[in-house]
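An overview of the molecular structure
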Amino acid sequence: PVKEPSDHLNQTIISLTKQTLLDFDIFLVDYAQSRESSKAVHNHFLSLVDAVPQITIRYAKAEGTNEYDAFSTGVRKATAPNVAFLQPGDAVGANTTADAIQLFARDFTGLVLPNVPGAFDLSRFFPPNQGVNAAEFVTGDFFYPNIFARRIALLELDTFRLSDRPTYAIKELLIRLL
(Lines give C-alpha, C1' and ligand atoms only; values in the text may rest on other atoms or scores of the structure.)
Protein backbone atom coordinates (compact mmCIF):
# COMPACT_ATOMS: atom_id res chain seq x y z
CA PRO A 1 0.00 0.00 0.00
CA VAL A 2 1.34 3.44 -0.97
CA LYS A 3 -0.18 6.75 0.10
CA GLU A 4 2.70 8.99 -0.97
CA PRO A 5 6.17 8.64 -2.50
CA SER A 6 8.85 8.35 0.18
CA ASP A 7 12.35 7.26 1.02
CA HIS A 8 10.72 4.49 3.08
CA LEU A 9 9.19 3.06 -0.09
CA ASN A 10 12.59 3.22 -1.81
CA GLN A 11 14.16 1.39 1.16
CA THR A 12 11.67 -1.46 0.76
CA ILE A 13 12.24 -1.67 -3.00
CA ILE A 14 16.02 -1.75 -2.49
CA SER A 15 15.71 -4.60 0.03
CA LEU A 16 13.58 -6.54 -2.46
CA THR A 17 16.19 -6.12 -5.22
CA LYS A 18 18.68 -7.93 -2.96
CA GLN A 19 16.64 -11.15 -2.84
CA THR A 20 18.50 -14.33 -3.76
CA LEU A 21 15.38 -15.42 -5.66
CA LEU A 22 13.88 -12.73 -7.90
CA ASP A 23 10.85 -14.71 -9.08
CA PHE A 24 8.25 -12.15 -7.97
CA ASP A 25 6.54 -8.92 -8.97
CA ILE A 26 6.20 -5.80 -6.87
CA PHE A 27 2.69 -4.39 -6.84
CA LEU A 28 2.24 -0.80 -5.65
CA VAL A 29 -1.38 -0.13 -4.71
CA ASP A 30 -2.11 3.58 -4.49
CA TYR A 31 -4.55 4.59 -1.76
CA ALA A 32 -3.76 8.32 -1.82
CA GLN A 33 -6.80 10.41 -1.00
CA SER A 34 -6.11 13.40 -3.23
CA ARG A 35 -5.64 13.56 -6.97
CA GLU A 36 -2.27 15.34 -6.53
CA SER A 37 -0.94 12.68 -4.14
CA SER A 38 -2.16 9.92 -6.42
CA LYS A 39 -0.40 11.52 -9.39
CA ALA A 40 2.81 11.75 -7.32
CA VAL A 41 2.53 8.04 -6.41
CA HIS A 42 2.02 7.14 -10.07
CA ASN A 43 5.01 9.23 -11.16
CA HIS A 44 7.13 7.58 -8.47
CA PHE A 45 5.98 4.18 -9.75
CA LEU A 46 7.11 5.12 -13.27
CA SER A 47 10.54 6.16 -11.97
CA LEU A 48 10.88 2.85 -10.09
CA VAL A 49 10.05 0.86 -13.22
CA ASP A 50 12.99 2.55 -14.97
CA ALA A 51 15.32 2.28 -11.97
CA VAL A 52 14.68 -1.42 -11.21
CA PRO A 53 14.45 -3.24 -14.56
CA GLN A 54 15.26 -6.68 -13.08
CA ILE A 55 11.89 -6.88 -11.26
CA THR A 56 8.43 -6.31 -12.69
CA ILE A 57 6.75 -3.46 -10.83
CA ARG A 58 3.01 -2.98 -11.31
CA TYR A 59 0.58 -0.26 -10.23
CA ALA A 60 -3.11 -0.15 -9.33
CA LYS A 61 -5.40 2.41 -7.74
CA ALA A 62 -7.06 1.06 -4.58
CA GLU A 63 -10.78 0.43 -4.60
CA GLY A 64 -11.10 2.55 -1.45
CA THR A 65 -9.20 5.06 0.63
CA ASN A 66 -7.33 3.16 3.33
CA GLU A 67 -4.44 0.71 3.39
CA TYR A 68 -6.64 -2.34 3.97
CA ASP A 69 -8.66 -1.43 0.88
CA ALA A 70 -5.26 -1.28 -0.85
CA PHE A 71 -4.38 -4.76 0.46
CA SER A 72 -7.70 -6.14 -0.83
CA THR A 73 -7.21 -4.47 -4.22
CA GLY A 74 -3.72 -5.94 -4.44
CA VAL A 75 -4.98 -9.44 -3.71
CA ARG A 76 -7.72 -9.15 -6.34
CA LYS A 77 -5.40 -7.78 -9.02
CA ALA A 78 -2.36 -9.98 -8.31
CA THR A 79 -1.65 -12.82 -10.71
CA ALA A 80 0.87 -14.84 -8.68
CA PRO A 81 -0.25 -17.78 -6.52
CA ASN A 82 1.28 -16.25 -3.36
CA VAL A 83 1.17 -12.68 -2.07
CA ALA A 84 3.05 -10.75 0.58
CA PHE A 85 2.05 -7.52 2.26
CA LEU A 86 4.86 -5.09 3.04
CA GLN A 87 4.70 -1.52 4.24
CA PRO A 88 6.92 1.28 2.92
CA GLY A 89 10.01 1.13 5.12
CA ASP A 90 10.02 -2.65 5.59
CA ALA A 91 13.39 -4.17 4.78
CA VAL A 92 13.32 -7.90 4.26
CA GLY A 93 16.26 -10.29 4.40
CA ALA A 94 17.94 -11.54 1.23
CA ASN A 95 16.37 -15.02 1.52
CA THR A 96 12.81 -13.92 2.35
CA THR A 97 11.32 -14.92 -1.01
CA ALA A 98 13.13 -18.26 -1.16
CA ASP A 99 12.24 -19.06 2.47
CA ALA A 100 8.55 -18.21 1.93
CA ILE A 101 8.34 -20.42 -1.16
CA GLN A 102 9.98 -23.29 0.73
CA LEU A 103 7.52 -22.87 3.60
CA PHE A 104 4.57 -22.82 1.20
CA ALA A 105 5.71 -26.18 -0.13
CA ARG A 106 5.19 -27.62 3.39
CA ASP A 107 2.54 -25.34 4.94
CA PHE A 108 -0.95 -26.55 4.00
CA THR A 109 -2.65 -23.54 5.64
CA GLY A 110 -1.11 -21.18 3.12
CA LEU A 111 -0.02 -18.65 5.74
CA VAL A 112 3.49 -17.60 6.67
CA LEU A 113 4.36 -14.97 9.26
CA PRO A 114 7.69 -13.54 8.13
CA ASN A 115 10.25 -12.05 10.45
CA VAL A 116 10.57 -8.47 9.24
CA PRO A 117 13.13 -6.49 11.25
CA GLY A 118 11.41 -3.72 13.19
CA ALA A 119 7.95 -5.25 12.81
CA PHE A 120 5.74 -6.19 15.70
CA ASP A 121 6.78 -9.54 17.24
CA LEU A 122 4.25 -12.07 15.99
CA SER A 123 5.79 -15.08 17.72
CA ARG A 124 3.93 -14.44 20.98
CA PHE A 125 0.63 -15.06 19.18
CA PHE A 126 1.86 -18.28 17.58
CA PRO A 127 4.06 -20.16 20.08
CA PRO A 128 5.71 -23.25 18.52
CA ASN A 129 3.66 -26.46 18.93
CA GLN A 130 1.07 -24.69 21.12
CA GLY A 131 -1.47 -23.32 18.65
CA VAL A 132 -2.69 -19.73 18.60
CA ASN A 133 -2.73 -17.48 21.68
CA ALA A 134 -6.22 -16.37 20.63
CA ALA A 135 -7.07 -14.17 23.62
CA GLU A 136 -4.05 -11.93 23.21
CA PHE A 137 -4.30 -12.05 19.42
CA VAL A 138 -7.89 -10.81 19.37
CA THR A 139 -7.69 -8.26 22.20
CA GLY A 140 -4.29 -6.67 21.40
CA ASP A 141 -4.34 -3.08 20.21
CA PHE A 142 -1.96 -3.50 17.32
CA PHE A 143 -1.16 -6.11 14.73
CA TYR A 144 1.48 -5.40 12.12
CA PRO A 145 0.18 -6.62 8.75
CA ASN A 146 3.27 -8.42 7.44
CA ILE A 147 2.10 -11.75 6.12
CA PHE A 148 2.65 -13.99 3.15
CA ALA A 149 -0.37 -15.99 2.07
CA ARG A 150 -1.79 -18.00 -0.80
CA ARG A 151 -3.77 -15.67 -3.04
CA ILE A 152 -6.61 -18.16 -3.49
CA ALA A 153 -7.06 -18.46 0.28
CA LEU A 154 -7.32 -14.68 0.61
CA LEU A 155 -9.79 -14.46 -2.28
CA GLU A 156 -11.98 -17.17 -0.81
CA LEU A 157 -11.95 -15.34 2.52
CA ASP A 158 -13.13 -12.17 0.74
CA THR A 159 -9.88 -10.42 1.76
CA PHE A 160 -10.17 -7.59 4.30
CA ARG A 161 -13.84 -7.12 5.18
CA LEU A 162 -13.29 -4.67 8.05
CA SER A 163 -11.21 -2.22 6.04
CA ASP A 164 -12.66 0.75 7.94
CA ARG A 165 -11.29 -0.68 11.24
CA PRO A 166 -7.59 -1.22 10.51
CA THR A 167 -6.70 -2.71 13.90
CA TYR A 168 -9.20 -5.50 13.34
CA ALA A 169 -9.06 -5.98 9.57
CA ILE A 170 -6.05 -8.28 9.47
CA LYS A 171 -6.94 -10.01 12.73
CA GLU A 172 -10.34 -10.93 11.36
CA LEU A 173 -8.77 -12.18 8.13
CA LEU A 174 -6.20 -14.28 9.94
CA ILE A 175 -8.75 -15.79 12.32
CA ARG A 176 -10.82 -16.90 9.32
CA LEU A 177 -7.69 -18.21 7.59
CA LEU A 178 -6.51 -20.17 10.64
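Nothing here was measured: the structure is a model prediction, and the numbers come from that model.

As judged from the six bridges shared by strand E1 (residues 25–30) and strand E2 (residues 56–61), these two strands associate in the parallel manner. Among the inter-strand pairings, Asp25 is bridged to a residue of E2, identified as Thr56. What joins E1 to E2 is helix H2 (residues 35–51), and the crossover it makes is right-handed.

This part covers helix H1 (residues 7–17). Restricting attention to buried positions, one finds in H1 the residues Leu9, Thr12, Ile13, Ser15 and Leu16. With its buried residues spanning 160 degrees around the axis, H1 presents them on a single face. In the core, the buried residues of H1 are packed alongside E1 and H2. Taking the backbone nitrogen of His8 as reference, a side-chain oxygen 3.3 Å away marks Ser6 as the first, capping residue of H1.

Taken as a whole and assessed by the stated rule, the structure comprises two salt bridges. Its salt-bridge partner being Lys61, residue Asp30 comes within 3.6 Å of it at the nearest N-O pair. One end of the pair, Asp30, is in strand E1; the other, Lys61, is in strand E2, and 31 residues separate them in sequence. For Asp30, a relative accessible area of 0% translates into the label buried. A salt bridge links Arg76 to Glu63; the nearest nitrogen and oxygen atoms lie 2.8 Å apart. Placement of Arg76 in helix H3 (residues 67–77) and of Glu63 in the loop between E2 and H3 is noted, with a sequence separation of 13 residues between them.

The next thing to look at is the nonpolar core. Membership of the largest hydrophobic core comes to 15 residues, with the highest contact counts inside it found for Leu9, Ile13, Leu16, Ile26, Leu28, Leu48 and Ile57. Aside from chain neighbours lying at most four places away, what touches Leu28 is Val2, Leu9, Phe45, Leu48, Ile57, Arg58, Tyr59 and Ala60. Listed in part, the eight residues of the second largest apolar core include Tyr68, Phe71, Val75 and Leu154.

Another point: the side chain of Ser38. Mapped onto the elements of the fold, Ser38 is located in helix H2. Here Asp30 takes part through its side chain, which lies 2.4 Å from a polar atom of the side chain of Ser38. Not counting the four nearest positions on each side in its chain, Ser38 is found in contact with Asp30, Ala32, Tyr59 and Lys61.

This part covers the environment of Gln33. Within the fold, Gln33 resides in the loop between E1 and H2. According to the relative accessible area criterion, Gln33 is exposed, its value standing at 63%. Put simply, Gln33 and Asn66 are 33 residues apart on the chain and 8.5 Å apart in space, counted from C-alpha to C-alpha. At 3.1 Å, the side chain of Gln33 and the backbone oxygen of Thr65 are in polar contact.

Analysis parameters
Residues numbered from 1 in each chain as written. Predicted model: local features only at pLDDT ≥ 70, side-chain atom pairs only at ≥ 80, totals over all residues. Heavy atoms only, no water. Pairing = 2+ DSSP bridges. Helix = DSSP H or I, 4+ residues; strand = E, 2+ residues; numbered from the N terminus. Right-handed = clockwise from strand over helix to strand, strands pointing away. Buried < 20%, exposed > 50% of the residue type's maximum accessible area, 1.4 Å probe, protein only. Arc of directions from axis to C-beta. Contact = heavy atoms within 4.5 Å. Polar contact = N/O pair within 3.5 Å; in protein donor to acceptor, adjacent residues only side chain to side chain. Salt bridge = Lys/Arg side-chain N within 4 Å of Asp/Glu carboxyl O. Core = buried A, V, L, I, M, F, W, Y, C linked by side-chain atoms within 4.5 Å.

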